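Structure assessment
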Amino acid sequence: MAKFDYNIIVIGGGSAGLVSAYIASATKAKVALIEKNKMGGDCLNTGCIPSKALIRSAKILSYIKRHREFGIKSVVAEFDFPEAMERVQAIIKKIEPHDSVKRYTDLGVDCFSGQAKILSPHEVELNGNILTTKNIIIATGARPTIPSINGLEKVDFLTSDNLWNIQELPKKLLIVGGGPIGSEFAQCFARLGSDVTQVEISPYILTREDHEISLALRQQFGREGIDIHTDTTCKTIVTENGKQVMVSEKGGQEVRVKFDQILIAVGRTANSKGFGLENIGIESDQHNRIIVDNYLRTTTHKNIYACGDVVGPYQFTHTAAYQAWYCAVNALFSPFKKFKVDYSVIPWCTFTDPEIARVGLNEKEATRQGIDYEVTRYGIDDLDRAIADSKDRGIIKVLTAPGKDRILGATIMSCEAGNLITEYVSAMKHGIGLNKILGTIHIYPTMAEANKFVAGTWKKNHAPKKLLKLLQKFHAWRLR
C-alpha cells in the first residue's frame, strides 16, 4: 500500500492492548485501539481488581474472627454479601478512568468499539469500515477454560467472568481447580461464610510451587474448614433428592460432593479465534495461544505482533504489560532496532493468606531442568515485625548458584509476599547478589527485614572457616 491509516492497530483493550497503545501514542505514532467489550479487559472488570477487592472483605472478616488474639474481648460483625459485591463494583468504577476511552483519546489514541476482523496483514474491518495499518498488535486476552464434565452444561455454573453477577452467598460452593484462581476463591468464600469444597485433578494444589509450599497452604486451608480433594477427577453432575452432586473419581474410588453452586477455575484459554487470524495463516498451539518469535512477531506475518494472555507463556497482567512494550517498540522501529523479549525474571503472586510469591527458579523447576543450586531458608516465625502483627507464619526460600550469592530464584510464603518479592526481582534483573542485600539497610521493624535475614543466613552458611580461626587467634593475641 502507498499509504496507511495507522502505524499500529491494536486489537484488545486489556492490559496488553492499553500499554501497547500508550507506548505508541507516547512516541507520537498514529495508533488505533479496538475493544469489543469493556475497556480495561479482564483485569479491571472480572479478574485482578474485583477478586482482590472481595479478598480484602474476606480478610477483614478473618481478623474479626481472631479478635481475641489482639486483646479484644468481644466484637459484632454483620456481614452483608450484596453490599460486599457493591463495594467490588464501586472499586471497579473508581479505577475505570485509568483505562477509559477518554483517557486514551486524550493521549492521542483513536479508540473504537466493535468486533474487529483482520482481512489481510494490513487491513482490519470494523463496523463495516476498513482501516489500513502498517502493523497489527493482537491483545485479545483469554477466557475461562470449561472442562468436559458430563452434565455441566445443565448447571448454572460460575466462572471468574460471571461470578460478579451473583447477589447471594453460596451456601455449599464447589470449586473445580486448585490453581491460583481456584485457591484464592476457595479461601475467600470460606472466610465469607460458604461451605467450600475444592477439587483438583493433580496430586497437589498450586502445582507450580514446591511441594512444601503447596502442603503448607493446604494445611492452612484445612484450618479454615476448606474440604480439599486432590488427585481427583470430576466425572459427571447428577441430581439426587433435589440436590446437585458432583461425582468424581479418586484412586479408583467414587467421591460424591453435594453443592449449591459450582465455580470452574481450571485455567484460561486464549482468545485467538473468530476475528480473522485463521484466514491469513496465523498459527496457534494446542492451547489456542498464538505462536510468536522472540520479538513477539507471528511466524507467518512479521508485521503482526501478539502479547498478553493470547500468547502466554505467563498469563499475568504485569507480564502482558511487559510484553506490550516489546510489541509496540519492535513494531514501530523494526528493522532499525529490535528487542528480544526476556522471560528470565518473571514474578508472580497468589493472593491467598498467606500470599505465595515467586520469581525465577524454585527447587522443583531447578531439579527438573538439571540446574545445580543451593537453597537458603528463613522462617517468618523468627521475624520481629511478623510476631508483633501476629503474622508469624511462612518461609522464604532463595536458590543460589553453588558457592555463590547469585540468585537463581526466590519463593516467599508470607503476608505481603507480593511486595517482599520485589527486592529479589530487582536483584535478579540487575545482577545484585545476597551479599549486597545483606549490606543494604532495611527499616526496623518491617516485613522487608526478612530479605536481609535470608542474606544473613546465606552468609553464615558460607563463612570462611579458616579466616575466622585466624581472626580468633588475632583477637586472643591482642588481649595479651
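The structure we're discussing is the one just above.
Residues numbered from 1 in each chain as written. Predicted model: local features only at pLDDT ≥ 70, side-chain atom pairs only at ≥ 80, totals over all residues. Heavy atoms only, no water.

**Looking at the overall build of the protein chain**
- When you go through the protein chain residue by residue, the secondary structure sums to 15 helices and 21 strands.
- Its C-alpha atoms give the protein chain a radius of gyration of 25 Å, within 12% of the compact-globule value 23 Å for 480 residues.
- Evaluated residue by residue, the protein chain yields a buried proportion of 48% over its 480 residues.
- Taking contacts inside the protein chain between residues at least 6 apart in sequence as the whole, the part at least 24 apart equals 61%.
- When the accessible surface of the protein chain is totalled, it reaches about 23800 Å², and 52% of it is carbon and sulfur.
- For the protein chain, the distance from the average position of its 61 positive side-chain charges to the average position of its 52 negative side-chain charges is 7 Å. (Helix = DSSP H or I, 4+ residues; strand = E, 2+ residues; numbered from the N terminus. Rg over C-alpha atoms; globule rule 2.2 N^0.38 Å. Buried < 20%, exposed > 50% of the residue type's maximum accessible area, 1.4 Å probe, protein only. Contact = heavy atoms within 4.5 Å. Areas by Shrake-Rupley, 256 points an atom, 1.4 Å probe, with all protein chains shown as cover. Lys, Arg positive; Asp, Glu negative; His and termini not counted. Charge placed at Lys NZ, Arg CZ, Asp CG, Glu CD.)

**Here's the deal with the environment of Asp 260**
- Counting through the fold element by element, Asp 260 comes out in the loop between strand E13 (253–259) and strand E14 (261–264).
- Spatially, the C-alpha atoms of Asp 260 and Cys 234 are 16 Å apart, while their sequence positions differ by 26 residues.
- Apart from residues lying up to four places away in sequence, Asp 260 is in contact with Lys 171, Lys 172, Lys 243 and Gln 244.

**Overview of empty space enclosed by the protein**
- One pass over the full model with this rule turns up two cavities of 30 Å³ or more.
- In this structure, the largest cavity spans a volume of roughly 50 Å³.
- Of all the secondary structure elements, the ones that give two or more residues to the lining of the largest cavity are helix H3 (48–65) and helix H6 (180–192).
- A per-element tally of the lining of the largest cavity places H6 first, with four residues.
- A breakdown of the residues in the lining of the largest cavity according to their chemical character gives four nonpolar, two polar and four charged. (1 Å grid on protein atoms, 1.4 Å probe; cavity = no way out; pocket = protein on both sides within 12 Å on 5 of 7 lines; lining within 4 Å. Points joined across faces, edges and corners; volume = space filled by probe spheres on them. Nonpolar A, V, L, I, M, F, W, Y, C, P; charged D, E, K, R; others polar.)

**Brief notes about the sheet that holds E14**
- Read from one edge of the open sheet, four strands run E10-E9-E8-E14, paired in parallel fashion. Each edge of the sheet is formed by a strand with only one pairing partner; in this case those strands are strand E10 (227–229) and E14. Between one strand and the next, the sheet's axes are offset by a mean angle of 20 degrees, whatever the strand orientation.
- One ladder, built from three bridges, connects strand E9 (residues 195–199) with E10; its direction is parallel. Paired with Val 199 across the bridge in E10 is His 229.
- Packing of H6 onto the sheet brings it into contact with strand E8 (172–176), E9 and E14, and relative to E9 it is tilted by some 165 degrees. (Pairing = 2+ DSSP bridges. Axes fitted to C-alpha atoms, helices over the stretch in contact; angles between N-to-C directions.)

**Considering the packing of aromatic side chains**
- Applying the stated criterion to the full structure yields 14 aromatic pairs.
- When the centroid spacing of 5.9 Å and the interplanar angle of 55 degrees are considered together, the rings of Trp 164 and Phe 185 count as tilted. Placement of Trp 164 in the loop between strand E7 (142–144) and E8 and of Phe 185 in helix H6 is noted, with a sequence separation of 21 residues between them.
- When its relative accessible area of 6% is taken as the criterion, Trp 164 is described as buried.
- Given the relative accessible area of 5%, Phe 185 is considered buried.
- With 5.6 Å between their ring centres and 25 degrees between their planes, Phe 316 and Trp 348 make a pair best called stacked. On the criterion of sequence distance, the pair formed by Phe 316 in the loop between strand E16 (304–306) and helix H8 (317–333) and Trp 348 in strand E17 (residues 347–350) is long-range, its members being 32 residues apart.
- On the accessibility criterion, Trp 348 (7% relative accessible area) is buried.
- Taking the ring centre of Tyr 6 as reference, the NZ or CZ of Lys 30 above it sits at 5.3 Å.
- The positively charged end of Arg 208 is found above the aromatic ring belonging to Trp 348, 5.1 Å away from the centroid. (Phe/Tyr/Trp six-rings, centres within 6.5 Å; stacked < 30°, edge-to-face > 60°. Lys NZ or Arg CZ within 6 Å of the ring centre and 35° of its normal.)

**Quick notes on helix H7 (residues 211–223)**
- The first and last C-alpha atoms of H7 sit 18 Å apart over 13 residues, in line with the 18 Å expected at 1.5 Å per residue.
- Taken together, the buried positions of H7 are occupied by Ile 213, Ser 214, Leu 217, Gln 220 and Phe 221. Down the axis of H7, the buried set is contained in an arc of 120 degrees. They therefore lie on one face.
- Where H7 is buried, its residues meet H6, E9, E10, strand E18 (355–360), strand E20 (395–400) and strand E21 (407–414).
- Following H7 by one or two positions, Gly 225 adopts a phi angle in the positive range, close to 85 degrees. (Expected span 1.5 Å × (residues − 1). Arc of directions from axis to C-beta.)

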